[in-house]
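Commentary on secondary and tertiary structure
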Amino acid sequence: MKNRKIIVVGSGVAGIVAAIMLQKKFGNVYLIEQEKKIGGLFCSKKFNNGLIFDQGSHFIKATGIKDLDKIITQGMNKKKWNVLGNLKGASFFGSKLNSQSPFIDTRRLNKKIYEKGIKEILKIKKILNSHKNLKEQIVNNFGPTFNKHIFDPVINKKSFRCDLKELDINSHYHFGLGRVLAFSPNEARKVKQNKVYDKKFSFHSYSEGQSSLNSYYPKKGGSEEWVKLLKKQLLKLKVKIITNTKVNTISHKKNKVDFITLNGGKKIFCSKVFWTIHPGLFLKLSNITFKNKTNKKIKKIYTTLHHIAVDKNFLTNAQYIQCYDPKFHTYRVTLYPNINTDKKVFDNNSNKLYHLTTEVISHKIPDIKLLEKKIINELYLMKIISKNTKVKFSHSENLLNGIPVPTINLRIQSQKIIKLAKNKIRNVYFLGKASGAYSTSLIMGNAFNEVNKIK
C-alpha cells in the first residue's frame with residue numbers, strides 16, 4: 001500500500017483532515033483542488049487599508065476527538081491565537097438586540113402567543129427522535145405555536161423560502177435554533193435541570209454552561225491562518241498538493257477506480273479515491289448514469305458578504321450576532337475587534353477602524369449594491385453601531401454560485417448517488433457535506449472516523 005497513490009479530491013476541511021491522516025497511515029497521498037489555494041470556506045481577504053475579512057467560515061472549534069484535535073490545533077500557540085471558551089454570541093429578534101445570548105428570545109413575542117408556546121413545550125415530556133421532516137421535528141419538540149411564530153418565519157420566510165415539510169430534519173441547527181430562550185434567568189436554570197427541557201431551553205447568558213471545547217481565532221490575520229497551519233502539516237508529511245486543477249475523467253475497471261485524468265491531461269493511477277465534493281460529479285466523471293426518478297429541481301440559496309469598517313467602536317461586545325428578525329436581511333454579523341483577546345493588536349493598528357462582516361441569505365441572486373445600503377442601515381437599527389458612527393469602508397461580494405437547500409429530496413438524492421457509486425466502484429469513499437453533517441466540527445469528525453475504519 002505504501003507505494004500506491006491515494007487521491008483526495010477537494011481541499012475543504014474534510015479533504016485536508018483526510019489527506020493528513022491517510023498520509024500518516026499509508027503515504028503517497030495526492031490532494032486535488034480546483035481553486036488556486038486550499039481551505040474551502042476558510043479563506044480571508046486583505047485590502048489595501050490593511051483590513052482583513054473572512055470570506056467564509058470564522059471560528060475553529062475543537063471536536064472532542066482527542067487525536068483529531070491534535071491535528072487541527074497543531075501550531076496554535078496562545079501568543080498568536082485567541083483561545084476562546086464560550087463565544088460571546090448575541091441575537092436580534094423582535095426589534096431588540098440581546099447582547100448576552102445568541103439564542104432567539106421567545107419573550108419578544110406577543111404575551112399570549114409566548115405563554116401558549118411555553119405551555120405546549122412543557123407538555124412535551126420526552127424528546128422524539130423519529131421524524132419525517134423538519135416541521136414534524138419542530139412541532140413534536142417545540143409545539144405548533146413556536147413553529148408558526150418562530151421557526152417558520154426564520155427558516156422559511158426569512159432564509160430558505162422552502163416549506164418546513166420539504167426540509168430535512170436538523171436543518172434548524174444551521175440557524176442556531178437547537179434551543180430557545182425563555183423564562184427569567186433563575187427559572188431557566190431550574191427548568192434546565194430536567195434533561196428533556198435542557199435540550200430545548202438555553203441559559204440567559206453565553207457565560208453559563210461553559211463548554212469544555214475551545215474555539216480558536218488568530219490574533220493577526222483571518223481564519224485562513226488556520227489553513228496555513230494545516231498546509232504546513234501537509235507539506236511536512238509530503239502530501240502532494242495540486243491546486244488550480246480539476247478532475248477531468250475517472251477511469252475504472254473491475255469495479256475499481258484505475259486512474260484519474262486531470263484537466264491538463266496528467267493521469268494519476270491510484271488505489272483509493274476520497275471524494276469530498278458533490279457526489280453527483282463523481283458519477284458524471286465516471287460516466288455512470290444516474291436516473292433521478294423524482295426530477296425535482298434542487299433548490300438553492302445565495303450568500304452575500306458585506307465587509308464594513310466604521311470609525312467608532314461597536315455598541316456591543318458580542319463576537320457575533322445572529323439576526324432572527326424576518327423583517328431584516330441580515331443573517332449573521334461577525335465583529336472582529338471583539339474577538340481579539342489581545343487588545344494591543346488593535347491598538348497597534350494604524351487605521352483604527354472597527355470592522356465586521358455581515359452575512360445575508362437570499363433565495364435569489366440579489367442586487368448587491370442595493371443590499372449593501374440596506375445592511376448598513378440595519379447595523380444602525382440593530383444598535384450595533386451608533387448614529388454618529390461613519391462608515392469608512394465597505395466591500396460586498398457573492399459567496400460561491402449558490403448553496404443547495406438541505407431538503408429531504410437533496411438528502412435522498414445524495415444517498416442514492418452514493419449508493420450507486422459504491423455499488424459500481426468499491427474503492428471510492430465519500431466524505432464531507434455528502435455525509436449530511438451541518439457543522440465544521442461534525443464534517444471533520446466524519447472524515448476522521450471514516451478514515452480510521454480503513455485498513
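Refer to the structure above for everything that follows.
These remarks concern the structure in this document. Sequence positions are assigned chain by chain, starting from 1 and proceeding in written order. Only residues with pLDDT of at least 70 are given local features in this predicted model, and only at 80 or more are side-chain atom pairs given and counted; all residues enter the totals for whole chains, interfaces and linings. Each side-chain value is derived from all of the structure's non-hydrogen atoms; neither hydrogens nor water enter the calculation.

This part is about the overall build of the chain. Assigned secondary structure in the chain consists of 14 helices and 20 strands. Values of the radius of gyration come from C-alpha atoms, whereas the globule rule sets the reference at 2.2 Å times the count of residues to the power 0.38. Over its C-alpha atoms the chain spans a radius of gyration of 23 Å, differing by no more than 12% from the 23 Å that the globule rule assigns to 455 residues. With the C-alpha coordinates aligned to their principal axes, the bounding extent of the chain is approximately 65 × 55 × 45 Å. For the exposure calls, accessible area comes from a 1.4 Å probe over protein chains only, and a residue counts as buried if that area is under 20% of its type's maximum, exposed if over 50%, partly exposed in between. Within the chain, the proportion of its 455 residues that are buried is 53%. Each helix corresponds to a stretch of at least 4 residues labelled H or I by DSSP, and each strand to a stretch of at least 2 residues labelled E; elements are numbered beginning at the N terminus.

Whether two strands pair depends on DSSP finding at least two bridges between them. The strand order across the open sheet built from seven strands is 8-7-16-17-18-15-19, with neighbouring strands paired in mixed fashion. Of all the strands in the sheet, just strand 8 (96-98) and strand 19 (391-404) have a single pairing partner and so form its edges. Averaged over all pairs of adjacent strands, the angle between their axes in this sheet comes to 20°, without regard to strand direction. Both strand 15 (residues 300-310) and strand 18 (residues 354-362) contribute to a ladder of nine bridges, which runs antiparallel. Pairing of Leu305 across the sheet is with Glu359, part of strand 18. Between N-to-C directions, angles span 0 to 180 degrees; the directions come from axes that are lines fitted to C-alpha atoms, helices contributing only their stretch in contact.

Let us now look at the environment of Ala18. Inspection of the secondary structure puts Ala18 in helix 1 (residues 13-25). The class of Ala18 is buried, set by a relative accessible area of 0%. Sequence separation between Ala18 and Ala447 is 429 residues; the distance between their C-alpha atoms is 6.0 Å. Contacts are assigned to residue pairs with any non-hydrogen atoms lying within 4.5 Å of each other. Those residues in contact with Ala18 that sit more than four places away from it in its chain are Leu431 and Val451.

Take a side-chain nitrogen of Lys or Arg and a carboxyl oxygen of Asp or Glu: if they are within 4 Å of each other, that pair is a salt bridge. Here the structure, examined in full by the defined rule, presents 11 salt bridges. One salt bridge in this structure joins Arg411 and Asp168, with 2.7 Å as the shortest N-O distance. Taken together, the residues span a long stretch of sequence, with Arg411 in helix 13 (residues 408-424) and Asp168 in the loop between helix 5 (144-160) and helix 6 (185-191) at a distance of 243 residues. Arg411 gets classed as partly exposed once you look at its relative accessible area, which sits at 31%. Of the residues examined, Asp168 reaches a relative accessible area of 12% and is grouped as buried. With its nearest N and O atoms 4.0 Å apart, the salt bridge here joins Asp258 to Lys253. The exposure class of Asp258 is partly exposed, given its relative accessible area of 21%.

To continue, consider the packing of aromatic side chains. Two numbers describe a pair of aromatic rings. These are the distance of the centres and the angle of the planes. Here is the rule: rings of Phe, Tyr and Trp (six-membered ring for Trp) pair when centre to centre is within 6.5 Å. Planes less than 30 degrees apart are stacked, more than 60 are edge-to-face, and the remainder are tilted. Applying the stated criterion across every chain yields a total of 18 aromatic pairs. Both rings, one in Phe42 and one in Trp226, keep their centres 4.8 Å apart while their planes meet at 75°; by these two values the pair is edge-to-face. With Phe42 in the loop between strand 2 (29-32) and strand 3 (44-46) and Trp226 in helix 8 (residues 224-236), this residue pair connects regions lying 184 residues apart in the sequence. Given a relative accessible area of 3%, Phe42 falls into the buried group. Considering the side-chain rings of Phe160 and Phe175, the 5.1 Å spacing of their centres and the 65° angle between planes classify their relative orientation as edge-to-face. Taken together, the positions of Phe160 in helix 5 and Phe175 in the loop between helix 5 and helix 6 put the pair 15 residues apart, joining distant regions of the chain. Accessibility expressed as a relative area gives 5% for Phe160, which makes it buried. Here Phe175 falls in the buried class, since its relative accessible area comes to 2%.

What follows is about the sheet that holds strand 6 (residues 81-84). Strand order in the open sheet formed by three strands is 5-9-6, with antiparallel pairing between adjacent strands. Strands at the two margins of the open sheet, each flanked by one partner only, are strand 5 (60-61) and strand 6. Where strand 5 meets strand 9 (residues 215-218), two bridges bridge the pair, whose relative direction is antiparallel. When the sheet's bridge partners are listed, Ile60 is paired in strand 9 with Tyr216.

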